[in-house]
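# Remarks on the overall topology
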Amino acid sequence: MKKRLLLAGFALALGAGYTLTAFSQVKPEILVKQRQAAMTLQGKYFGPIAGMAQGKIPYSADVIARNAAYLDVLNKMPWDGFAESTKDVTVKTAALPAIWSEPAKFKEAQEKFQSAVSRLVAATKTGDEASIKSAILEVGKGGCGNCHQNFRQKD
Ligand code: HEC
């Protein structure tokens, strides 16, 4: 009996989550938090491999292959968090108005980043250290850096 109740409660909780997503009524403050969380994780997995490409951290092909694969998934997550509903949030955000005034350019920056990550993933399969390192640097410069330059407030 108790177990049944528990299961029913679980199903309800799941259902509520799906409903929210389906009708995109997620609160703007939550969307901001989620997109920042996705960015934070990108930082977590990109930081060490950037250090390896720059020779500041000992090179590890295994760590690079793993982190590149994580980034290949993470790089799809932040974008729906930049919904129009978040334009005027009062919570702390570094998102610049250009995200909404120049949507095509913002989209292009996402795509440029995603293809740089794809090239990195491909490079990890060749095992060629020099091309892996240059692919990492390109993710940083043409991907993260290029977008932050235009769409993130400098602190
Ligand atoms: C297409 C644009 C774009 C790309 C590409 C991008 N970012 Fe961001 N990033 C942003 C924006 C915009 C913000 C500000 C989000 C906010 O504060 O609401 C941000 C915020 C961040 C933050 C701060 C998160 C926080 O908690 O406030 C980190 C860390 C970060 N990005 C890391 C990265 C890394 C690492 C990469 C590349 C692997 C990357 N980003 C790629 C646009 C981008």
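Report follows, based on the coordinates. (Residues numbered from 1 in each chain as written. Predicted model: local features only at pLDDT ≥ 70, side-chain atom pairs only at ≥ 80, totals over all residues. Heavy atoms only, no water.)

## With respect to the packing of aromatic side chains
Tallied over the entire structure, the rule returns five aromatic pairs. Between tryptophan 79 and phenylalanine 82, the ring centres sit 6.2 Å apart and the planes meet at 20°, which makes this aromatic pair stacked. Residue class for phenylalanine 82 comes out buried when judged on its relative accessible area of 14%. Members of the aromatic cluster, connected to one another through ring pairs, are Trp79, Phe82, Phe106 and Phe151. (Phe/Tyr/Trp six-rings, centres within 6.5 Å; stacked < 30°, edge-to-face > 60°. Buried < 20%, exposed > 50% of the residue type's maximum accessible area, 1.4 Å probe, protein only.)

## Concerning the coordination of the iron atom of the ligand
At the metal site, the iron atom of the ligand is ligated by Met39 (SD) and His148 (NE2), and these contacts range over 2.1 to 2.4 Å. Relative to the metal, the six donor atoms surrounding the iron atom of the ligand lie at angles of 86 to 178°, and the coordination shape comes out octahedral. With a gap of 109 residues between them, methionine 39 in helix 2 (residues 28-53) and histidine 148 in helix 6 (residues 129-151) connect regions that are remote in the sequence. Owing to a relative accessible area of 27%, methionine 39 belongs among the partly exposed residues under this scheme. (Donors = N, O, S within 2.8 Å, 3.2 Å for Na, K, Ca; no water. Tetrahedral: all angles 85-135°; square planar, octahedral: opposite > 155°, others 65-115°. Helix = DSSP H or I, 4+ residues; strand = E, 2+ residues; numbered from the N terminus.)

## Examining the side chain of threonine 124
Considering the arrangement of structural elements, one finds threonine 124 in helix 5 (residues 103-126). The buried category is assigned to threonine 124, whose relative accessible area is 18%. A polar contact is formed between the side chain of threonine 124 and the backbone oxygen of valine 121, at a distance of 2.5 Å. (Polar contact = N/O pair within 3.5 Å; in protein donor to acceptor, adjacent residues only side chain to side chain.)

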